[in-house]
Amino acid sequence: MDPTQAPAEAAHDFSFLGLFLQADPIVKGVMILLIIASIACWTVVFEKIIRLAAARRQAKAFETLVRSGGSLDGAHKGLTGHVLKAAIDAWRDQDPTETRAERRERIERAMRGALGLEMKRLRTGLPLLATSGSTAPFVGLFGTVWGIMNSFSSIARSQDTSLAVVAPGIAEALFATAIGLVVAIPAVMAYNKLSGDIGGIQSSFTSYISLLGDRLARERTGAGQHRAAAE
C-alpha cells in the first residue's frame, strides 16, 4: 500500500455532513436546492393535514345538517358556511316564471360553484408536491453526473485509478441522487394521498348538495319567512 494515500483516505469524511461539505460547489448547490424543496414539501404536507382534518369535520357537519333537515340559518363556518351561503343566496333570488327543476338546478349550481372555489383553495400547494416528485430525481441525477465527471477529472490529473481517488467523488455524486429520491418519494406519496382525500371530501359535499337543492326547490312558499329569519 502506498503510504502517501493514507492521509488522503483518513482526511476524507464519508458521513452525510462530510459528503455535503466536501462536495463540488455545483453538487453542493444541487443538494441545497433539493433540501429546500424537501422542506417546502413537508410544510405543504403538514398544512394540508390540518386543513383536511377541518374539511372532513365540515363535510360531516354538512351531511348531518342535510339529513336532519335542520335550519340553514346560523353561524356555519368553513366549507359548510360557504356552501350554505351560496344556497341561501340562490334560494332567495327566486323567479316566479322558473320551474321547480330550473330552480333546483340554479341552487345546486350555486352550491357547486362555491364548493369548487373552496376545493381550489384546498388544493393550493399540491402542484409543488407533484413538481418535486417528478423533477427531484432528475435534479439529483444532474448532481450525480457532475460529481462523476469530477471523479474522472481527478483520475486524469493524478493518473491513479485507486479507490482512494475515485471513491470521494463517486460518494458525493451518489449522495446527490439519494437526496433527490428522499425528496421525490414522499412528495409523490403525499400528493396521491392528499389528492384522494380532497376528492373524497368533494364527493361527500356533492352528494348532499343534490339533496339540499331538492329540499330548497320545494320551499318556495316560505321565502319570506326564511328571509326574515336570516335577517
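Residues numbered from 1 in each chain as written. Predicted model: local features only at pLDDT ≥ 70, side-chain atom pairs only at ≥ 80, totals over all residues. Heavy atoms only, no water.

### As for the overall build of the chain
Line of reasoning, step 1. Assigned secondary structure in the chain consists of 8 helices and 0 strands.
Line of reasoning, step 2. Counting every position in the chain, which comprises 231 residues, the buried fraction comes to 37%.
Line of reasoning, step 3. For the chain, the exposed area adds up to about 12800 Å²; of that, 66% sits on carbon and sulfur atoms. (Helix = DSSP H or I, 4+ residues; strand = E, 2+ residues; numbered from the N terminus. Buried < 20%, exposed > 50% of the residue type's maximum accessible area, 1.4 Å probe, protein only. Areas by Shrake-Rupley, 256 points an atom, 1.4 Å probe, with all protein chains shown as cover.)

### A short note on the pattern of salt bridges
Line of reasoning, step 1. Going through the model one piece at a time under the given rule, you end up with 13 salt bridges.
Line of reasoning, step 2. Residues Glu47 and Lys48 are paired through a salt bridge, measuring 2.7 Å at the closest nitrogen-oxygen approach.
Line of reasoning, step 3. We classify Glu47 as partly exposed; its relative accessible area is 31%.
Line of reasoning, step 4. Among the ionic pairs, Arg104 bridges to Glu108, the shortest N-O distance being 2.7 Å. Of the two residues, Arg104 and Glu108 both sit in helix 5 (residues 100–122), 4 residues apart, roughly one turn of that helix.
Line of reasoning, step 5. For Arg104, a relative accessible area of 30% gives the class partly exposed.
Line of reasoning, step 6. Residue Glu108 is classed as buried on the basis of its relative accessible area of 6%. (Salt bridge = Lys/Arg side-chain N within 4 Å of Asp/Glu carboxyl O.)

### Things to note about empty space enclosed by the protein
Line of reasoning, step 1. Enumeration according to the criterion identifies 1 cavity of 30 Å³ or more in this entry.
Line of reasoning, step 2. Of the pockets and cavities examined, the largest cavity occupies roughly 30 Å³.
Line of reasoning, step 3. Along the walls of the largest cavity sit Ser38, Cys41, Trp42, Val182, Val183, Pro186 and Ala187, which together make up its complete lining.
Line of reasoning, step 4. Contributions of two or more residues to the lining of the largest cavity are made by helix 3 (25–68) and helix 7 (163–218).
Line of reasoning, step 5. Broken down by element, the residue count for the lining of the largest cavity peaks at 4 residues, all from helix 7.
Line of reasoning, step 6. Across the lining of the largest cavity, the residue classes tally to 6 nonpolar, 1 polar and no charged. (1 Å grid on protein atoms, 1.4 Å probe; cavity = no way out; pocket = protein on both sides within 12 Å on 5 of 7 lines; lining within 4 Å. Points joined across faces, edges and corners; volume = space filled by probe spheres on them. Nonpolar A, V, L, I, M, F, W, Y, C, P; charged D, E, K, R; others polar.)

### So, a nonpolar patch on the surface
Line of reasoning, step 1. On the surface, Ile26, Phe138, Leu141, Phe142, Val145, Trp146 and Met149 cluster together into a nonpolar patch covering about 670 Å² of accessible area.
Line of reasoning, step 2. Broken down by element, the residue count for the nonpolar patch peaks at 6 residues, all from helix 6 (residues 126–158).
Line of reasoning, step 3. Of note, Val145 is situated in helix 6. (Patch = residues over 30% accessible without salt bridge, like charges linked within 9 Å, V, L, I, M, F, W, Y side chains within 5 Å.)

### Quick notes on helix 5
Along an α-helix, residues three or four apart share an orientation, since each turn contains 3.6 residues.
Line of reasoning, step 1. Over its 23 residues, helix 5 extends 33 Å from the first C-alpha to the last, a length consistent with the 33 Å expected when each residue adds 1.5 Å.
Line of reasoning, step 2. Taken residue by residue, helix 5 has Arg103, Arg106, Ile107, Glu108, Met111, Ala114, Leu115, Glu118, Met119 and Leu122 as its buried positions. (Expected span 1.5 Å × (residues − 1).)

### Side note on the nonpolar core
Line of reasoning, step 1. Within the largest apolar cluster, 34 residues are counted, with the highest numbers of intra-cluster contacts made by Phe62, Leu129, Ile201, Phe205 and Leu212.
Line of reasoning, step 2. Non-local contacts of Leu212, meaning those with residues more than four positions away in its chain, are made with Phe62, Val66, Leu72, Leu84, Ala87 and Met111.
Line of reasoning, step 3. Ala136, Phe175, Ala176 and Ala184 belong to the second-largest nonpolar core, a separate cluster that totals 10 residues. (Core = buried A, V, L, I, M, F, W, Y, C linked by side-chain atoms within 4.5 Å. Contact = heavy atoms within 4.5 Å.)

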